[in-house]
Amino acid sequence: MQQRNINRSTSLEEFLNVSEQNTTAVSIPNSSTIPASTENGSAPAESSRVPNDGATAKPAPARKPSKLAEDKRFKIFSGSANRPLTEEICKFLGVPLGEAKFQRFSDGEIHFQLLENVRGADVFLVQPTCYPTDQHLMELLIMEDALRRASAGRITAVVPYYGYARQDRKDRPRVAITSKLVADLLVTAGANRALFVDLHAAQIQGFFNIPVDHLFASPVLVSYFTGLNLPNLTVISPDAGGVERARFFAKKMDSALAIVDKRRVEMDVTEVMHVIGDVKNRTCLILDDIIDTAGTLVKTCQALLEAGARQVYACATHPVLSGPAIERISQSGLAEVVVTNTIPLTEAGRSEAKIKVLSIAGLIGRAIQSIHEETSVSRLFL
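Conventions we followed
- Residues numbered from 1 in each chain as written.
- Predicted model: local features only at pLDDT ≥ 70, side-chain atom pairs only at ≥ 80, totals over all residues.
- Heavy atoms only, no water.
- Helix = DSSP H or I, 4+ residues; strand = E, 2+ residues; numbered from the N terminus.
- Buried < 20%, exposed > 50% of the residue type's maximum accessible area, 1.4 Å probe, protein only.
- Areas by Shrake-Rupley, 256 points an atom, 1.4 Å probe, with all protein chains shown as cover.
- Salt bridge = Lys/Arg side-chain N within 4 Å of Asp/Glu carboxyl O.
- Expected span 1.5 Å × (residues − 1).
- Contact = heavy atoms within 4.5 Å.

(A) Representation of the overall build of the protein chain in the model. Within the protein chain, the regular secondary structure consists of ten helices and 16 strands. Residues classed as buried in the protein chain amount to 54% of the 382 residues present. Total accessible area on the protein chain stands at roughly 17600 Å², and carbon and sulfur atoms take up 49% of it.

Okay, structure coming up:
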């Protein structure tokens, strides 16, 4: 396949005007009981996926003792996907983690049991639907059903990472809108309310017929990069779809904005990168919501460096980091990749020097408290 790398500087204002017009397993021993206090949510051994134990994550700031600890009607339970995050949320709020246990039968079925009374309680169930996605989604549905049948007063599904979010529309003939299907499953299983962090597409909120609170990790990320005092900073959107997110971030950072537009010119020619905006001799910060295989991230970094960027950083909310992502980041020209702990990193990810993890436990904790106390969540936004 013929490969060409084309970097072309274009007027940012011209591009924005045109774009606005054209907007169109857990490895659980069979038949064994695992108390929630020991569940670590690790994936099968071949993936080496382990939960983030906080070794690389910046912990949530300390708080004064909360009255929630005295509220017997307030409870938080954790699935197995990211138990360390849930424990950090509980520590931030000053409340104990709810007691429950999982059991896996020899045929792979999941059995979940609550070990304390939840009748009439305001329950928050924390479970990102990350790898293995189907297993963690099924756990979440089963836990919701158990809480509903135990007469919980209200069930709030706290899903830091919403799996299947990228399948939010019919982009090809005869495909499913799986994001909508997952929304229906969560509501049918018993969720009365949902809390998400940086949905891939904001319109996913409309798939739910229950109240949805949509948090953004930008307060945590902006705080970190503000402290770095990066010179001549330009925030970069890696595609046209992320312009709104990047524009908001750039405004908070009081920095310039640029876009990398990618497209295929011919069937046998790889995608061409057009750098739209001035990046020469500037520090660039690539902003995205998800880093999956890191292919687009690394190509964007290369295009920016070839366009004259002095240094390139990257940040994202959800570190999916599947396939060759860690290797690509390690071998790239990126100075640092900053992510949050919505998803636990693999062992390789935790040992990679270029990857830094920030905690959003405080952000989620404040949102949970606001929901329970029926106060505004909007104060958490920048």
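(B) Just the pattern of salt bridges, in detail. A full pass over the atoms with the stated rule returns 14 salt bridges. With a closest N to O distance of 2.5 Å, Arg148 and Asp145 form a salt bridge. Here Arg148 pairs with Asp145, and both are found in helix 3 (residues 133-149), just three residues apart, close to one helical turn. Arg245 serves as the salt-bridge partner of Asp289, at 4.0 Å between the closest nitrogen and oxygen. One end of the pair, Asp289, is in strand 13 (residues 283-291); the other, Arg245, is in helix 6 (residues 243-253), with 44 residues separating them in the sequence.

(C) Up close: helix 10 (residues 361-372). Over its twelve residues, helix 10 extends 16 Å from the first C-alpha to the last, a length consistent with the 16 Å expected when each residue adds 1.5 Å. Buried residues dominate helix 10, accounting for eleven of its twelve residues. The inward-facing, buried residues of helix 10 abut strand 3 (74-78), helix 2 (83-93), strand 6 (122-126), strand 7 (154-159), strand 8 (193-197) and strand 9 (212-215).

(D) Geometry of the side chain of Glu336. Examined against the element boundaries, Glu336 turns out to sit in strand 15 (residues 336-340). When near neighbours in sequence (up to four residues on either side) are disregarded, Glu336 contacts Tyr224, Leu228, Val312, Tyr313, Ala314, Lys354 and Lys356.

(E) Geometry of unusual backbone geometry. Tyr131 connects to Pro132 through a cis peptide bond whose omega is -10 degrees. Looking at where Pro132 falls in the secondary structure, it is placed in the loop between strand 6 and helix 3. Although it is not a glycine, Tyr164 sits at a positive phi angle of roughly 70 degrees. One can find Tyr164 in the loop between strand 7 and helix 4 (178-189). Under the relative-accessibility criterion, Tyr164 is labelled partly exposed at 26%. In this structure, Asp254 takes a positive phi of about 55 degrees despite not being glycine. For Asp254, the position within the fold is in the loop between helix 6 and strand 11 (256-263).

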